[in-house]
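# Notes for the structure review
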Amino acid sequence: MKLEVGYIDIKGIRFGDYNAVEDGILIVNPEPLLEPVLEDPLIKSAHFEIATPGESIRITPVKDVIEPRVKVEGGGGVFPGMVSKVDTVGSGKTHVLRGMAVVTAGPIVGFQEGIIDMTGIGADYTPFSKLHNLVLVMEPVEDFKQHEYEAAARLAGLRTAAAIGELARELVPDETVVYETPTIAETFKEEWKDLPRVGYVMMLQSQGLLHDTYVYGVDAKRTLSTLISATEVMDGAIVSGNCVSACDKNTTYHHQNNPVIHDLLAVHGKKINFVGTIITNENVYLDDKIRSSDWTSKMARYLSLDAAIITQEGFGNPDTDLIMNCTKLEKQGIKTVIITDEYAGQDGKSQSLADADELANAVVTGGNANEVVVLPPLDRVIGTLDYVDTVAGGHAGSLRPDGSIEAELQIITGSTNEMGFNRMSAR
Amino acid sequence: MSKFKVVHYINQFFGQVGGEEMAHIPAEKREGPVGPGLAFTKNFGDDAEIVATIVCGDSWFNENLELATETVLDMVKEESPDLFIAGPAFNAGRYGVACGTICDAVQTELGIPVLTGMYVENPGADMFRTKVLIVSTADSAAGMRRAVPAMAKLALKLVKGERIGASVEEGYIPDGVRRNFFDKKRGSTRALEMLLKKIAGEPFETEYPMPTFDRVPPMPAITDMTKATIAIVTSGGIVPKGNPDRIESSSASKYGSYNIEGVDDLTSETYETAHGGHDPVYANEDADRVIPVDVLRQYEKEGKIGKLHDWFYSTVGNGTAVASSKKYAAEIAEKLISYDVDAVVLTST
């Protein structure tokens, strides 16, 4: 598949009485954008706020982060099966509003939403502090089921991002990059025969109970491991429906900008032969874990891979899936590197993963999520601080009287990402 | 500001007493820096100074471990230093063990920061890496010029109480404590580079060496359930409504013990979950779904089991460190034994 991605750099966001992107500035007229959001009977109220890098702003509780994109040419539309109708994406031309995101905020379960600080030490840990954020703050009606409201809030975010992306349809990109993935026959061409055949195994969070990922609209826990093109992922074929701990949740933005895919494509045809991407789930039942990891290893063998990078989402229970995927590939002679993160305790002295195997001898870590950080008080809060003590990573007294927060890194959205999005590591 | 006071420990060779033939000499204290101490002094600048140097034979220390430790400890005490450094010992085995032993003792007894340096394969490194900070050095004294600045820099951080960075940043041998740091490249790029090395058969360094798991053999089966006392222990976070102990939704710092004498059924009015790792709706509707009090009570009435234990023990497993879980489990196990509990239903979520 061949996808031409045109990046339009966003340098600021402001409110106005029309919606447009002009000279790199996104102008937002809230009313027409909020209308479809408020049509959902579960959403009581919704409004937009703007957060700019460096501003003294704390956004919490954060649900998802989404990059506005639009399909300009080629089949399908962004977020197929969720916002656009089901149709194969990943070919043609896509425009991206780069340097910004739509952030959904407001309480879902009050446990697993995170914090994005736009300045201070907290900003160093989250990649989203560097973006111009259009924050969609929502509140549910009283007496709602959390999983139903999660679906409503998820769709509201994706629809808003798609509507903002639509503003980029006619724009001239600041930069255009062409991404191309080969067919299986092309991977055997003479020119590449001396390059190692490398695959990417992307594990999708699918533990259920608000830990879900959707592929073309399908709940990943009801899927078998399968193949997907890197360019389909760029067009939003995979979206987050997760309320796992904020630090190692793969937001929709992470999927759209998957760093492993970008790094593998960058050396494809030069240092490696990037054969394909396998997506596999992280279900809670042992039978599912065995079946999915078996399937992954069968497919890796079918693709005749020499090596693979495996990435994870979440922690604890999915550590088992990670180790199964890794060992089953290694036992077939397929060399692996896994990307994970650690829960080594606040003192850093505990065992980092819930499962281990000596065959997992090449590990990249996103850091110890239990490490404690003190976030300074910031001038403005977008959302509410009501849940800081109960969100994963917080404890009774996390929110101090002066507005500062003492909590584990778990609480910061994207801080220990397991796709290798960040520079943070641990030893 | 006055300088931090440092005591330095070196062996007979670096104390310029002699080689192996002088390894039998007992510990002696000299004023000021000696040998490598001069290089340390230069690196400390205005921040710290070596007030005394203890020179000791490697054989004497290792052959009289207790006496030697006590003797050197007393000599250090007399100086009331702010910091203690030993070595670097490079690959000298007995010197390395002496450095580790005395650093460990000083740290424990005097409560001041300590630092040593040695080659990673020095037997002292394996023995003491998780107890004292050991700067990684070359295998011979030829590495002195690199070892001293690295040790001096870390020593000053220790004595000033500054945050210690990860082992790769500071140059010490991994001490079993995981510390975060910002690498130069993002994780995906590091993964690709590691993979390329692994494919090429070149040496690569994992960022997290896999631990070895301990396995616990199961107890023999209970032969007569009708006389057995059964307890419930859960990591599913079930607590009395309102979470009286405020157990955290993730990375729990405690567990709770809750009395269920006379409780036949857990209801949404009386119990809930504190667990933050799943949608709590079903657990909150009926906590029996996580800990089967209702069924066990029924079994008790029917005589299928002897007794349901009067207490259940609960923590949150979500993101909770293994070391914490081990600690809670050990305490809970003691309670269970004291109440003559025969078996436990362990539930998780």
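Preceding this paragraph is the structure being described.
The rules behind these values
- Note that residues are indexed from 1 along each chain, following the sequence as it is written.
- Each chain is given a letter, starting from A, and each ligand a number, starting from 1, according to the order in which they appear as written.
- The model is predicted, so local features are restricted to residues of pLDDT at least 70 and side-chain atom pairs to those at 80 or more, both for listing and for counting; the totals for chains, interfaces and linings are taken over all residues.
- With hydrogens and water stripped out, all remaining heavy atoms of the structure feed into the side-chain values.
- Two cysteine sulfur atoms form a disulfide, by the criterion used here, when they sit within 2.5 Å.
- Note on exposure labels: buried denotes an accessible area under 20% of the residue type's maximum, exposed denotes more than 50%, and partly exposed covers the range between, all computed with a 1.4 Å probe on protein chains only.
- Working rule for contacts: check all heavy atoms of both residues, and any pair within 4.5 Å makes them a contact.
- A quick way to say it: buried area is the sum, across both parts, of accessible area lost when two parts are put together, with a 1.4 Å probe.
- Salt bridges are defined as contacts in which a side-chain nitrogen from Lys or Arg sits within 4 Å of a carboxyl oxygen from Asp or Glu.
- Nitrogen and oxygen atoms within 3.5 Å of one another constitute a polar contact, given that in protein one can donate a hydrogen and the other can accept it, and given that sequence-neighbouring residues count only through two side-chain atoms.
- Where helices and strands are cited, they refer to DSSP runs of H or I of at least four residues and of E of at least two residues respectively, numbered from the N terminus.
- Basically, the charged four are Asp, Glu, Lys and Arg, the nonpolar ten are Ala, Val, Leu, Ile, Met, Phe, Trp, Tyr, Cys and Pro, and anything else, Gly included, counts as polar.
- Whether two strands pair depends on DSSP finding at least two bridges between them.
- Convention adopted: a line fitted to C-alpha atoms gives each axis, helices being fitted over their contacting stretch, and angles between N-to-C directions are expressed from 0 to 180 degrees.

With that out of the way, let us pick up the state of the cysteines. Covalently bonding the sulfur atom of one cysteine to the sulfur atom of another cysteine gives a disulfide. All names here are of chain B. Applying the stated criterion across every chain yields a total of zero disulfides over all chains. Among the cysteines around cysteine 103, which has no disulfide bond, cysteine 99 carries the closest sulfur, lying 6.4 Å off. For cysteine 103, a relative accessible area of 0% puts it in the buried group.

Here we come to the interface of chain B and chain A. Contact residues are listed per partner, giving 54 residues for chain B and 78 residues for chain A. Both sides of the chain B and chain A interface together cover about 5300 Å² of buried area, and 59% of this is carbon and sulfur. Connecting chain B to chain A are four salt bridges. For glutamate 342 of chain A, the salt bridge goes to arginine 178 of chain B, with nearest N and O atoms at 2.6 Å. On inspection of chain B and its partner chain A, the count reaches 34 residue pairs in polar contact (both at pLDDT 80 or more). Contributing elements (two or more residues each) for the side of chain B that touches chain A: helix H7 (167-170), strand S7 (180-182), helix H8 (187-200), helix H9 (281-285) and helix H11 (322-338) of chain B. Here the element with the most residues in the side of chain B that touches chain A is H8 of chain B; it accounts for eleven residues. Each residue belonging to the side of chain B that touches chain A can be placed in one class, and the counts come to 23 nonpolar, 17 polar and 14 charged. Relative to S7 of chain B, strand S25 (residues 424-426) of chain A runs antiparallel, the two sharing three bridges. When the sheet's bridge partners are listed, serine 425 of chain A is paired in S7 of chain B with phenylalanine 181 of chain B.

On to the sheet that holds strand S8 (residues 229-234) of chain B, then. All names here are of chain B. Read from one edge to the other, the open sheet built from four strands follows the order S10-S12-S8-S13, with strand pairing classed as mixed. Every interior strand has two partners, whereas the edge strands, strand S10 (256-259) and strand S13 (343-347), have only one. Across this sheet, the average inter-strand angle for adjacent strands is 25°, counted without regard to direction. Where S8 lies against strand S12 (residues 307-314), five bridges are found, and the strand directions are parallel. Bridged to isoleucine 232 within S12 is phenylalanine 312. Against the sheet, helix H10 (residues 293-302) makes contact with S8, S12 and S13, and its axis sits at roughly 160° relative to S12, the strand it touches most. In the packing of H11 onto the sheet, the strands contacted are S8, S10, S12 and S13, and the crossing angle to S12 comes to about 165°.

Here we take up the pattern of salt bridges. Residues and elements named next belong to chain B. Enumeration according to the criterion identifies 43 salt bridges over all chains in this entry. Glutamate 28 is paired through a salt bridge with arginine 30; the nearest N and O atoms lie 2.9 Å apart. For glutamate 28, a relative accessible area of 33% gives the class partly exposed. With relative accessibility at 26%, the residue arginine 30 sits in the partly exposed group. Through salt bridges that share partners, Asp264, Arg297, Glu300 and Lys301 make up one connected network.

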